[in-house]
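# Residue-level structural notes
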Amino acid sequence: MEQFVLSVDQGTTSTRAVIFNHAAESVGSSQKEHEQHFPQAGWVEHDAMEIWRNTREVIGRALADADISKHQLAAVGLTNQRETTVVWDRATGRPVHRAIVWQDIRTQGICDELARAGAAEAGESGEAGASGEAGAADYDRFKDRTGLPLTTYFAGPKIRWILDHVDGARERAEAGELLFGTMDTWLLWNLTGGKDTGIHLTDVTNASRTLLMNIDTLDWNEEICAEIGIPVPMLPQIRSSSEVYGHGDSRSLVMDVPLAGILGDQHAATFGQACFEPGQGKNTYGTGNFMLMNTGADIVRDERGLLTTVAYQLGGADPVYALEGSIAVTGSLIQWLRDNLGIISDAAESETRAKRVQDTGGCFIVPAFSGLFAPYWRPEARGVFVGLTRYVNADHICRAALEAVAFQSGEVVESMNASAAAELEELKVDGGMVVNETLMQLQADILGVDVVRPKVIETTALGAAYAAGIAVGFWDGTEDVVANWSEDRRWVPTWDQQERTRRMKQWRKAVTRSFDWIESETQTTTSSDAVTT
Ligand SMILES: Nc1ncnc2c1ncn2[C@@H]1O[C@H](COP(=O)(O)OP(=O)(O)O)[C@@H](O)[C@H]1O
Ligand SMILES: O=P(O)(O)OC[C@H](O)CO
């Protein structure tokens, strides 16, 4: 009987199940969107129970679509939106609060307070460079240990917020009654019948996005947990990205099938794109854009606004590291044009409209809806339209939105090239937006390197399938991933260097107009402030 691997890709806007055969071809799939809750400006929540129900539903539909039974599944892989935080009751399996999504900025106050405490502590101990001045704040206080700046993006401050705001939660977490997980942990716990089996695990890639894990030892850092106020008993065990974690339980639709691969979605895409050599990287265009570049066994510390993260770890092998440039708003800008402005009726119309005009009519959009992520990390920035005149119409705005996506990634690539040993020679792309050919051409023009789209653009689902399939011997190893990868389309730059420099300069000028919109109580000392504008 032919065997397959099922991959569940739990993303920011939807959950997909995809079934792959041994040649890494998709033979069946299903996708379902979940509701986005925006209870206040800057807050974004998901209903974790809805996501669990959707997961079961898409698994059932994907099996039907592929016309196979669960007995033909060699393994299941999980991949997920990262950082999104769920806290639930170990006994009932019910979340104590809606999941707080990675884009949510409600924890800015917690981050400011921790940053001020860090600066004060460093001042008292006379640390070199520490000012100890009233109002000073150190947003890099955990960076050496975790690879991450202190921002609202990561899970640690989100856990703290839930423990501070849900009645009795802190006491219950300290007593071991509440569990924390990102979506991988939540789904694994449900798929394996966690209430009975107690399977409460995550993988190194997801753990590396919590602000709580030592980037070098891959263990929870108890000192940081104490500083942020997170009881260690609520944290999952950290495992590799490719090993058998447990088996599907009777209610999971994958009963007895091994759950054998977990990777955060951006890490899964890096794996699925076969970026196994240092210097190889990919850029995923989804709700946000996320570029990862493999740095091999080296933990590269960056001063240009990039994050240090674990790319993947296969079983007992050494971890492979990466540098990451995370951009919060790209595909969600297109959704905003559709849902909030109503100037397009679907995402594809952004391209139809953008193609009707030669340029943006001098208009720029800087979509700093959650502040700015890489390479700026400016929480106080907010979105702006600049360069508006009476001439600018909806077509120009659509073009400016696509340019904003490409310029933001252009800045991340500049930081990558300056930070890592290797200069990017071409950019592998994937994600929901890469069907937009106008965007892909703009990206090649802005970067000055070829942009390459693979035949399978479901690289996120594929990467997690590979991690699971390798763990159970369905695939031999990364050499299979390399052999199965093939190019679909390539976009070649058409602008000369002078044009690129001119346009990038204009973009940076537009970006500066978004700065300092929200009055900050504190003076920031994040090293990425060093990025020139
Ligand atoms: N033709 C298109 N042009 C521009 N953006 C698009 C197009 N098709 C989809 N998108 C955008 O891609 C995003 C969906 O990509 P996807 O990879 O599914 O996201 P995620 O995994 O973050 O949920 C949406 O934000 C949508 O606006
Ligand atoms: O679900 P996506 O594709 O929007 O990815 C979200 C990222 O993992 C957030 O860090």
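Residues numbered from 1 in each chain as written. Chains lettered and ligands numbered in written order. Predicted model: local features only at pLDDT ≥ 70, side-chain atom pairs only at ≥ 80, totals over all residues. Heavy atoms only, no water.

As recorded in an unreviewed UniProt entry, the protein goes by the name Glycerol kinase, listed as coming from Nesterenkonia lutea. Recorded in UniProt for the protein, the comment headed Pathway (unreviewed entry) runs: "Polyol metabolism; glycerol degradation via glycerol kinase pathway; sn-glycerol 3-phosphate from glycerol: step 1/1." (UniProt positions renumbered as here; feature names shortened; annotations may be inferred.)

### Quick notes on the packing of aromatic side chains
One pass over the structure, following the stated rule, counts 19 aromatic pairs. Judged by centre distance (4.7 Å) and plane angle (35°), the ring pair of tyrosine 153 and phenylalanine 154 falls under tilted. Among the residues examined, phenylalanine 154 registers a relative accessible area of 0% and is labelled buried. Both rings, one in tryptophan 336 and one in phenylalanine 369, keep their centres 5.1 Å apart while their planes meet at 55°; by these two values the pair is tilted. Within this pair, whereas tryptophan 336 is found in helix 11 (residues 331–341), its partner phenylalanine 369 is found in the loop between strand 17 (364–366) and strand 18 (384–386), the two being separated by 33 residues in sequence. Residue classification places phenylalanine 369 among the partly exposed residues on the basis of a relative accessible area of 31%. Of note, arginine 106 hangs over the ring of tryptophan 43, and the distance from its end group to the ring centre comes to 3.8 Å. (Phe/Tyr/Trp six-rings, centres within 6.5 Å; stacked < 30°, edge-to-face > 60°. Buried < 20%, exposed > 50% of the residue type's maximum accessible area, 1.4 Å probe, protein only. Helix = DSSP H or I, 4+ residues; strand = E, 2+ residues; numbered from the N terminus. Lys NZ or Arg CZ within 6 Å of the ring centre and 35° of its normal.)

### Brief notes about the site of ligand 1
Neighbouring residues of ligand 1: 17 residues in total, closest Thr13, Arg16, Thr287, Gly432 and Asn436. The side chain of threonine 287 places a nitrogen or oxygen atom 2.5 Å from an oxygen atom of ligand 1. Here asparagine 436 contributes a side-chain N or O atom positioned 3.0 Å from a nitrogen atom of ligand 1. Here the shell around ligand 1 takes four residues from helix 11, the largest share from any one element. Counted by class, the shell around ligand 1 contains five nonpolar, 11 polar and one charged residues. (Near = heavy atom within 4 Å. Polar contact = N/O pair within 3.5 Å; in protein donor to acceptor, adjacent residues only side chain to side chain. Nonpolar A, V, L, I, M, F, W, Y, C, P; charged D, E, K, R; others polar.)

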